[in-house]
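# Analysis of the macromolecular model
Residues per chain, in single letters:
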Amino acid sequence: MKLLFVSTSVAALGSGLGGGVELSLQNIANEMLRRGHQLQIVAPEGSKLNSAIPIIQIPGTLQTTAVDRARTAPIVLPDDSVLANMWDYAHQVQANYDLIVNFAYDWLPFYLTPFFTTPIAHRVSMSSLSDAMDRMIGCIAEKFPNSVAFLTHSQAKTFSFNQGGNLPITCLSSAIDLSLYQFSSQPQPWLAWLGRIAPEKGLEDAVAAAQILNVPLKIVGKMQEQSYWEQICKDYPDAPVDYLGFLSTQELQKLLGQSRAMLMTPRWIEAFGVVVIEALACGTPVISYRCGGPAEVIEDGKTGFFGRTE
Ligand code: UDP
């Protein structure tokens, strides 16, 4: 097949601000190429991947993430929106492709679906956050059966249109390239926490645990909200924590392999949590709240441990 992958509109690929979508898009693209499909990626200007896959770079203003808006907030697009520009490009070239795949958690690509002649498949990468978005995803899931995929059942259940499980829901899960992760049998006496430094990731709970237990905690990930981080440092001045910045997959897997366990303390319903399978790929157990994606992936007492339910 000839595939057109349209990336997230909140960040350039490679920036880290696109979260798990960045690695997933790259992994799925690599695998599709390996299977003999042809593929092109459309992404915001400045995008980079750790592979030779060509990227059509689209200029324009980035979207702000849906996490920061109220559930009832209207849908907004900035002037010269990169989201609109990427989908305008996709519209122009659609005849050259058999399938367009949408990786963005945005209203517009769902709305545009009936106006395209080439089919669009949607990969929904976050749980329900916006009423307008829920309604639009629900409309498209109903009109175009099997065109909308979620990552986990816990995530799919958060959408209002799916109350009672009335729509056939496809869960595509997430995956990583295992050859990039090494097992380490000799963990060091520290815990790791991985993720964007942003309130929905609940870093303060992991830092509190490190302080109470007096166990060193290595923190890695993109600094998305500096003020949130500074507040945590103020609230837990004696916590034995170390922030190591945003690491490449190569560096990240090394740190994970050396860690006794990874802590996963999200405040939202994590749709999947790519970092969970990255830790497990290194043989590192994950200690997590029993909710969202991690609750479906971790086996309590075998590959990790669950804390409180909500
Ligand atoms: N990540 C990374 N370097 C870091 C920390 C995280 O490349 O220092 C990547 C990690 O490999 C994963 C993504 O960031 O692909 C986080 O994805 P996840 O699904 O866990 O959370 P999201 O940010 O999408 O909510």
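Thresholds applied
Residues numbered from 1 in each chain as written. Predicted model: local features only at pLDDT ≥ 70, side-chain atom pairs only at ≥ 80, totals over all residues. Heavy atoms only, no water. Helix = DSSP H or I, 4+ residues; strand = E, 2+ residues; numbered from the N terminus. Rg over C-alpha atoms; globule rule 2.2 N^0.38 Å. Buried < 20%, exposed > 50% of the residue type's maximum accessible area, 1.4 Å probe, protein only. Contact = heavy atoms within 4.5 Å. Areas by Shrake-Rupley, 256 points an atom, 1.4 Å probe, with all protein chains shown as cover. Lys, Arg positive; Asp, Glu negative; His and termini not counted. Charge placed at Lys NZ, Arg CZ, Asp CG, Glu CD. Near = heavy atom within 4 Å. Polar contact = N/O pair within 3.5 Å; in protein donor to acceptor, adjacent residues only side chain to side chain. Nonpolar A, V, L, I, M, F, W, Y, C, P; charged D, E, K, R; others polar. Core = buried A, V, L, I, M, F, W, Y, C linked by side-chain atoms within 4.5 Å. Pairing = 2+ DSSP bridges. Phe/Tyr/Trp six-rings, centres within 6.5 Å; stacked < 30°, edge-to-face > 60°. Lys NZ or Arg CZ within 6 Å of the ring centre and 35° of its normal. Axes fitted to C-alpha atoms, helices over the stretch in contact; angles between N-to-C directions.

### Description of the overall build of the chain
- What the chain contains, in helices and strands, is 10 helices and 13 strands.
- Here the chain has a C-alpha radius of gyration of 19 Å; the compact-globule value for 310 residues is 19 Å, and the two agree.
- Considering only C-alpha atoms, the chain reaches an extent of 60 × 40 × 35 Å along its principal axes.
- With 310 residues in all, the chain has 52% of them scored as buried.
- Summarising the internal contacts of the chain: among those between residues at least 6 apart in sequence, 63% fall at separations of at least 24.
- By element, 54% of the accessible surface of the chain is carried by carbon and sulfur atoms, the whole surface being about 14,400 Å².
- A distance of 5 Å separates the average location of the 21 positive side-chain charges in the chain from that of its 28 negative side-chain charges.

### Details of the site of the ligand
- The local shell around the ligand holds 17 residues, among which Gly20, Arg196, Lys201, Leu247 and Glu278 are the closest.
- Taking Arg196, its side chain carries an N or O atom lying 2.7 Å from an oxygen atom of the ligand.
- The set of elements that each furnish at least two residues to the shell around the ligand consists of α1 (20–34) and α9 (274–281).
- If you tally residues by element for the shell around the ligand, the top one is α9, at three residues.
- Each residue belonging to the shell around the ligand can be placed in one class, and the counts come to eight nonpolar, five polar and four charged.

### Thoughts on unusual backbone geometry
- For Asn146, which is not glycine, the phi dihedral falls at a positive 70 degrees.
- Tracing the chain through its elements places Asn146 in the loop between α4 (131–143) and β6 (148–150).

### Considerations on the nonpolar core
- In this structure, Ile176, Leu194, Leu256, Met262, Met264, Val276 and Val286 are the most contacted members of the largest nonpolar core, which totals 25 residues.
- Breaking this core down by element, the ones donating at least two residues are β8 (191–194), α8 (249–258), β11 (261–264) and α9.
- For this core, the element with the highest residue contribution is α9, accounting for six residues.
- Other than its neighbours up to four places away in sequence, Met262 contacts Ala192, Leu194, Leu256, Val275, Val276, Ala279, Thr284, Pro285, Val286 and Ile287.
- Ranked by size, the runner-up nonpolar core spans 18 residues in total, among them Phe110, Val124, Ala156 and Trp268.

### Some thoughts on the sheet that holds β6
- One open sheet holds the seven strands; their spatial order is β3-β2-β1-β4-β5-β6-β7, and the pairing between them is parallel. Of all strands in the sheet, those with a lone pairing partner are β3 (55–58) and β7 (170–171), marking the two edges.
- Judged from the two bridges that link them, strand β5 (residues 120–123) and β6 form a sheet pairing that is parallel. Residue Arg123 lies in a different strand from β6, and its bridge partner there is Ala149.

### Observations concerning the packing of aromatic side chains
- Applying the stated criterion across every chain, the model contains eight aromatic pairs.
- An angle of 10 degrees between the planes, with centres 4.8 Å apart, marks the rings of Trp107 and Tyr111 as stacked. Residue Trp107 and its partner Tyr111 are located together in helix α3 (residues 107–112), separated by four residues, close to a single helical turn.
- With 5.6 Å between their ring centres and 45 degrees between their planes, Tyr111 and Phe115 make a pair best called tilted.
- According to the relative accessible area criterion, Phe115 is exposed, its value standing at 52%.
- Among the aromatic residues, those joined into a cluster by ring pairs are Trp107, Tyr111 and Phe115.
- Taking the ring centre of Trp190 as reference, the NZ or CZ of Lys218 above it sits at 4.4 Å.

### Some details on the sheet that holds strand β13 (residues 304–306)
- Across the sheet, six strands lie side by side as β10-β9-β8-β11-β12-β13; this open sheet has parallel pairing. Each edge of the open sheet is held by one strand with a lone partner, namely β10 (241–243) and β13. Averaged over all pairs of adjacent strands, the angle between their axes in this sheet comes to 25 degrees, without regard to strand direction.
- Relative to strand β9 (residues 217–220), β8 runs parallel, the two being bridged by four bridges. The partner of Leu191 across the bridge, within β9, is Leu217.
- Seen against the sheet, α8 touches β8, β9 and β11 and runs at an angle of roughly 145 degrees to β8.

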